[in-house]
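# Structural overview for review
What follows is the residue order along each chain.
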There are 4 protein chains.
Amino acid sequence: MEEVVRIRARELGLDFGTLPTGKYNAITDVPGVTVGHVSLIQGHGRLIPGQGPVRTGITAILPHGGNLYTQKCPAAVFPFNGYGKSIGMMYVEELGICENPILITNTLSIASALEGGIDWVLRHNPGVGISERTPNITIFECDDGYLNDTRGRHVKREHAWQAIATASGGSVPEGNVGAGVGMSTVAYKSGVGTCSRIIKNSLGTWTLGVLMVCNFGEREDLIIKGIPFGRMFPVNEAPTHRNSNITIIATDAPLTCPQLKRLAKRPPLGLSRVGNICRWGCGNIEMAFSNYPWIHPQAKPLIIDNAEFLDPFMMAVSDASEEACLNSLFQAETMVGVNNQVREKIPVVQIITYLKNSNRLW
Amino acid sequence: MEEVVRIRARELGLDFGTLPTGKYNAITDVPGVTVGHVSLIQGHGRLIPGQGPVRTGITAILPHGGNLYTQKCPAAVFPFNGYGKSIGMMYVEELGICENPILITNTLSIASALEGGIDWVLRHNPGVGISERTPNITIFECDDGYLNDTRGRHVKREHAWQAIATASGGSVPEGNVGAGVGMSTVAYKSGVGTCSRIIKNSLGTWTLGVLMVCNFGEREDLIIKGIPFGRMFPVNEAPTHRNSNITIIATDAPLTCPQLKRLAKRPPLGLSRVGNICRWGCGNIEMAFSNYPWIHPQAKPLIIDNAEFLDPFMMAVSDASEEACLNSLFQAETMVGVNNQVREKIPVVQIITYLKNSNRLW
Amino acid sequence: MEEVVRIRARELGLDFGTLPTGKYNAITDVPGVTVGHVSLIQGHGRLIPGQGPVRTGITAILPHGGNLYTQKCPAAVFPFNGYGKSIGMMYVEELGICENPILITNTLSIASALEGGIDWVLRHNPGVGISERTPNITIFECDDGYLNDTRGRHVKREHAWQAIATASGGSVPEGNVGAGVGMSTVAYKSGVGTCSRIIKNSLGTWTLGVLMVCNFGEREDLIIKGIPFGRMFPVNEAPTHRNSNITIIATDAPLTCPQLKRLAKRPPLGLSRVGNICRWGCGNIEMAFSNYPWIHPQAKPLIIDNAEFLDPFMMAVSDASEEACLNSLFQAETMVGVNNQVREKIPVVQIITYLKNSNRLW
Amino acid sequence: MEEVVRIRARELGLDFGTLPTGKYNAITDVPGVTVGHVSLIQGHGRLIPGQGPVRTGITAILPHGGNLYTQKCPAAVFPFNGYGKSIGMMYVEELGICENPILITNTLSIASALEGGIDWVLRHNPGVGISERTPNITIFECDDGYLNDTRGRHVKREHAWQAIATASGGSVPEGNVGAGVGMSTVAYKSGVGTCSRIIKNSLGTWTLGVLMVCNFGEREDLIIKGIPFGRMFPVNEAPTHRNSNITIIATDAPLTCPQLKRLAKRPPLGLSRVGNICRWGCGNIEMAFSNYPWIHPQAKPLIIDNAEFLDPFMMAVSDASEEACLNSLFQAETMVGVNNQVREKIPVVQIITYLKNSNRLW
């Protein structure tokens, strides 16, 4: 059965809007963007804080292949629900730029990830902190403490380095990888999800990609294509207040900062369709960047914008956020974590069967 | 057939979460809150700007029955998509208070509505502008120009006055009334929608109500309970870039300003389930207020908050926003407007039949 | 004596930083920018609300000479103290554009000003509200109620039209003109003030101009060049809670929206040097726009910015805000208003003498 | 001479408004607030990145003496100039609470400081990350790289711990201590500065305190009491783009989150009077908290506020920010740092003499 269900949401017959996807249906379809994962899975049984079990990781997203610190990208952030401890957003908000790898990890490891990110910038920019200014690193986090020894802070600075150094294009692993290793959604196992859209307009052909670390909600919240599966499936009694959802949006279209900010607001629209109501303690943190100055240096940002140009991008963000979330759920596998706590895989076959019987597959 | 379909979404078998509704399933279930509508429908045929046809109106929401200017309420605003011309939000954002009737009307009539709102405050507060400070009036707007002679600015200051003066509790008319007269959603006729939720917690029993003027989207966007009806129904070729969606949230719970702001962010989550992707020019503007200081003067605002207390309110906003939107659509009737342009009623029977056949009714 | 003192701050020997001014030392030094004032002064004696005396007006600023609605400008707003009832800022914040004349008037006349602004756009754009979208008008306000029959709302829509229609370049009248007619600052008469700066950098030579309607503070707050004159001069016992300060920044430099927003934050820095502490009810509302797309269509916005480029603009805003405020005070004349209430002219000779004796003139 | 000048600004005859100070004229005058400094000064001569010389430190501010994580305080942040890498502000903005020690250190040490802050919370709250949620730590930073081997990141997690553990009330060391060790302002040596104000109103007697780490500006920017000393003193040719200014505001008054946010906006007003124009890369980051729920548990937050109550607090922030900045400059001593670069002490005697001769001392 696993072969059947370890496939992506779209391949199961679910549809997510009318825009075409890129080649890999991944954030790496955006020219220049690469992704690196480091997954840390060690030990079993009783939680001994500081020792394990370890069920965590870190994910890096690089906007392009050049020197990110000197070749900065227009960017925007939006914390739809700012309950979270992500780092580096004030600077992005003020200047409208992304100047470093974007890192995602577990909540208590943000300091190590930051240290590792600084290591990486210092190494590649000998003048930083001496003749040049200091760097801003964006670190996003979700809480994987249901499965992971979070207090152990097992993600170290070298893991951040490794995630950055091994980032690559092409197909992106999803589910229990990188920052997604220990994450849960609606009390099922989730992790990393990604997808992409192609947008053609009078200015050219552009790609928009989304990478998400999904980690939200109570069992009862789950909705797929309008079906409230969360109320049909068994209640999960385990404490599930271990939340936050991170969405990174990449594009090579020549968008301005206000436009990128508008995109960064919209992932919760797609997530709402999977049941994310952005509960009190469930952060929804979003970032969007465009690498056009380095990929399409001739492209001019659209200062006076309009619906014809922007609507497809807005549609793409909503649709892709829904799809990336379901990819995250469908690609993740059951995991046993601290104190033998179990996050089961979402019952994909049961869901697909129900949707088919309800005329919801195409 | 009309008798069958002119019923509210919930009565057709649709469900919107697990929280119970108030008596009228309307914003007026919140103790003290009243609503007034003035509907302006005149003339037929060719658009003669300044003359008609007229298909518009104005809606007033009063937070409580006292002197609103002297008995101010904690409040918050959030423009999820700030494409719009609403008035008075800066002051609410700065001070965290609502001090006047809330008015909703068509885009080009905001000046008259503001004049009327000022009239009303001046009349009831002889010292304003002399010994007392000037008032802040919140005016929200949507564009009803597909059906209405918007340039004619037919809503006059006396209509604002009238809407305020006739505001009452109990059942709230929905559909083609007040500010909703000329509005459209996904190229079907929409208008005003409302509903409410009851929340019990350790501090007491509280009501949260939503009133929405729905006016968003292209035909293709429509989704109901996960079914993309918008792509199944005929394409509407008419220009539909006449948008904006206003949501007012009322409660009598002792919420602080940061908490109210968090609520004000969440209506787009419910609207997304009906297909609102918050397009480029489709404003989504939200306001939330609490009248507890005047309804429950002993209640203490929750300074140190938590999930147990707040989650039900957040759930209520998502669920109620979805329901209010469908009430707005289901309660509206086909309307012929300027140049005999027609907004058809959404095909309720067809939708309900399809949902029933797809196991989507309870 | 009047001949001596009715001169601008700089001509009296005060200095405001090291950047050179433009030809007129006015916002109109920015190529393309024009300003129009309509001043309304009628009647004397006892306040009869609705009749007078009238001491008010309206000021219009046009970003360039073309069709503002179709030739939109990058823009940003920032309400440092959002206590105020200004209109149209949400849209500017969302889209980063200014698309219409900027109007400034008294608090209770914002509705008429808005109506007049809409009139003007509708007249010059026959498709607006029919085939085209509706316009966003920015209306800023201060409270002139100490001298003016504010409740009378004597600024009418035709005055807004007239201010726009008569806007011109060159020298800009200051003091008791336009929106400044009835304004007070630290319980002295103030009004409109303006000035400009020239900035040369590797990309070219640019102009930044400021126009301010000053209306803030208690007598005790006044500081000029570090001297706390407010505590040296007689206390003013009259109620002075009639505040708000509006600053419009114009430039022809190719600045991006985040950059313009950073400029829009900084007028309070200059105002603080004149004693503005942004009291509870003293709004400080700021807007910045760049008309470069229409004045220098080849200029490319500076996406990756730096200190060398931006610092002079930031310095210019601080310095020019201080200067414009003192121009506003020094150019205004004593005025008798409602109920024979008097706002005296600031004692310029006494101030200049003191400053000279304190080594504070250059 | 040093004995003469190593005194605080107020004692030299400078005045900063009319409100009285607390006993120590320090942030610790606010009941319950404590401050701890760890200063790191080691080595001389040539910069060897990673080894030294070391000229840095860390400062901790504790809102009250109880368990901060479980006894949270209302709080607000405001990045007037968000150019900076401070941590933890999103959460404060979203929830309006401060739940941990506030730490200030150098830019590249924020990761260690964060790690140390997490250590401290985990140690005192065994359930955090297991049965309880994860903590939000606020870390503020300035760049001390002109004197310090910033790349060496010499502040370690144990220094954060130590600063927290040794925090105490009473007199607060200023100048070259804690986070202030390596900081510069207008190319003179600066560091930590603090002061306080007492505010009496109908609700009681309250204290407001400010602690600032000053680190801004070019030599030419310096203004004291209106005298542009920066243009009178020798130009400093050394690169001075090593900026950011941090201001923490504490009070025991029962202020709401919107009110605290309004206070957090105002330190730049006081700083402007010392010449801070908030240059492109000079962050101005502010935080305000109230510990009233734990110090005055009966006090009710002022939901409907007014000028009488709030104006003195706003005045206090402006005045105290100016004073704390000058305390920071006047209390700091000349320091030799990396590569024997020197930051000279500001010439206090010369300044005071000039001010005396200009009638600027009281």
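One can find the structure itself at the top, above this paragraph.
This part covers the overall build of chain A. Counting its regular elements, chain A contains 10 helices and 14 strands. Here the C-alpha radius of gyration of chain A, 19 Å, is about what a compact globule of 362 residues would show, namely 21 Å. In terms of overall dimensions, chain A has a C-alpha envelope of 55 × 50 × 35 Å along the principal axes. Counting only residues that meet the buried cut, chain A has 74% of its 362 residues in that class. Across chain A, the fraction of contacts at a sequence separation of at least 24, relative to all contacts at a separation of at least 6, is 80%. Roughly 10,000 Å² of accessible area belongs to chain A as shown, and the carbon and sulfur atoms make up 53% of that amount.

Of the transformation superimposing chain A on chain D, the axial component is 0.0 Å and the angular component is 180°, with the fit at an RMSD of 0.0 Å. On this basis, the relationship between the two copies can be described by a two-fold rotation axis. Taking C-alpha positions as the reference, the residue of chain A nearest the rotation axis is A111(A), at 2.4 Å. The fraction of interface residues of chain A whose copies in chain D are also interface residues reaches 100%, indicating that both copies meet through the same surface.

Before going further, it helps to spend a moment on the interface of chain A and chain D. Taken residue by residue, the interface counts 49 residues in chain A and 49 residues in chain D. Summed over both partners, the interface of chain A with chain D buries about 4,100 Å², with 56% contributed by carbon and sulfur atoms. Of all residues in chain A, M90(A), R133(A) and R151(A) bury the most surface against chain D, accounting for 20% of the area lost on that side. On inspection of chain A and its partner chain D, the count reaches 4 salt bridges. The shortest N-O distance in the salt bridge between R153(D) and D119(A) comes to 2.5 Å. Between chain A and chain D we count 24 residue pairs in polar contact (both at pLDDT 80 or more) in total. Here the side of chain A that touches chain D gets 9 residues from one element, more than from any other, and that element is helix α3 (residues 110–124) of chain A.

Attention now moves to the environment of T59(A). All names here are of chain A. Structurally, the position occupied by T59 is in strand β2 (residues 54–62). Overall, the relative accessible area of 0% leaves T59 in the buried class. Between the C-alpha atoms of T59 and I102, which are 43 residues apart in sequence, the distance is 8.2 Å. Setting aside residues no more than four positions away along its own chain, T59 makes contact with V35, G36, H37, I102, L103, I104, V177, G178, A179 and V192. Looking at T59, its side chain comes within polar contact range of the main-chain nitrogen of A179, at 2.9 Å.

Attention now goes to the environment of L108(D). Relative to the helices and strands, L108(D) resides in the loop between β5 (102–106) and α3 (110–124). Using a relative accessible area of 1% as the deciding quantity, one classes L108(D) as buried. Along the backbone, L108(D) and I61(D) are 47 residues apart, and their C-alpha atoms lie at a distance of 20 Å. Dropping the residues within four chain positions of it, L108(D) is found in contact with E115(A), I118(A), L122(A), T134(A), P135(A), T150(D), R151(D) and R153(D).

A separate point is the interface of chain B and chain A. Counting residues at the interface gives 46 residues for chain B, matched by 46 residues for chain A. Summing the contributions of chain B and of chain A, the shared interface buries around 3,800 Å²; its carbon and sulfur component is 53%. Considering only the surface of chain B that becomes buried against chain A, F80(B), I277(B) and W280(B) emerge as the three largest contributors, covering 20% of it. Of the charged contacts in the structure, one is a salt bridge between R231(A) and D15(B), with a shortest N-O distance of 2.6 Å.

Attention now moves to the pairing of strand β6 (residues 138–142) of chain A. Residue and element names in this part refer to chain A. The buried fraction of β6 amounts to 5 of the 5 residues, a majority that puts the element mostly inside the structure. In terms of strand pairing, strand β5 (residues 102–106) meets β6 through 5 bridges, oriented parallel. Bridge pairing in β6 places I104 opposite F140. The parallel pair β5 and β6 is bridged by α3, and the resulting crossover is right-handed.

As a further point, take unusual backbone geometry. All names here are of chain A. Residues G52 and P53 are joined by a peptide bond in cis, for which omega reads -5°. Considering the arrangement of structural elements, one finds P53 in the loop between β1 (34–42) and β2. Despite not being glycine, S244 shows a phi value in the positive range, around 130°. The topology assignment puts S244 in the loop between α5 (229–232) and β11 (245–251).

A few words on the environment of G13(B). All names here are of chain B. Note on placement: G13 falls in the loop between α1 (2–5) and β1 (34–42). Residue classification places G13 among the buried positions, given a relative accessible area of 19%. When the C-alpha positions of G13 and L355 are compared, they lie 9.5 Å apart, and in sequence the two are 342 residues distant.

Once that is clear, we can look at the sheet that holds strand β2 (residues 54–62) of chain B. Strand pairing within a sheet occurs via backbone hydrogen bonds; the two strands may be parallel or antiparallel. All names here are of chain B. Taken in spatial order, the 4 strands make up an open sheet running β1-β2-β5-β6, and their pairing is mixed. The strands lining the two open edges of the sheet, one partner per strand, are β1 and β6 (138–142). Shown here is a sheet whose adjacent strand axes are inclined to one another by a mean of 15°, direction ignored. Lying on the sheet, helix α3 (residues 110–124) is in contact with β2, β5 (102–106) and β6; it crosses β5 at an angle near 155°. Running at roughly 45° to β2, helix α4 (residues 157–165) makes contact with β1, β2 and β5 of the sheet.

The subject of this paragraph is the state of the cysteines. Residues and elements named next belong to chain C. Counted under the stated rule, the structure contains 0 disulfides over all chains. Here C98 stays free of any disulfide, with the sulfur of C73 as its closest cysteine sulfur at 6.0 Å. Unpaired in this structure, C195 has its nearest cysteine sulfur neighbour in C325, at a distance of 10 Å.

By size, the foremost hydrophobic cluster in this structure holds 128 residues, and its most contacted members are F330(C) and F330(D). Counting 127 residues, the second largest nonpolar core, distinct from the first, contains F16(A), L19(A), F216(A) and F313(B).

So, how was this worked out
- Residues numbered from 1 in each chain as written.
- Chains lettered and ligands numbered in written order.
- Predicted model: local features only at pLDDT ≥ 70, side-chain atom pairs only at ≥ 80, totals over all residues.
- Heavy atoms only, no water.
- Helix = DSSP H or I, 4+ residues; strand = E, 2+ residues; numbered from the N terminus.
- Rg over C-alpha atoms; globule rule 2.2 N^0.38 Å.
- Buried < 20%, exposed > 50% of the residue type's maximum accessible area, 1.4 Å probe, protein only.
- Contact = heavy atoms within 4.5 Å.
- Areas by Shrake-Rupley, 256 points an atom, 1.4 Å probe, with all protein chains shown as cover.
- Least-squares fit on C-alpha atoms with pLDDT ≥ 70 in both.
- Buried area = accessible area lost by both parts, 1.4 Å probe.
- Salt bridge = Lys/Arg side-chain N within 4 Å of Asp/Glu carboxyl O.
- Polar contact = N/O pair within 3.5 Å; in protein donor to acceptor, adjacent residues only side chain to side chain.
- Pairing = 2+ DSSP bridges.
- Right-handed = clockwise from strand over helix to strand, strands pointing away.
- Axes fitted to C-alpha atoms, helices over the stretch in contact; angles between N-to-C directions.
- Disulfide = S-S within 2.5 Å.
- Core = buried A, V, L, I, M, F, W, Y, C linked by side-chain atoms within 4.5 Å.

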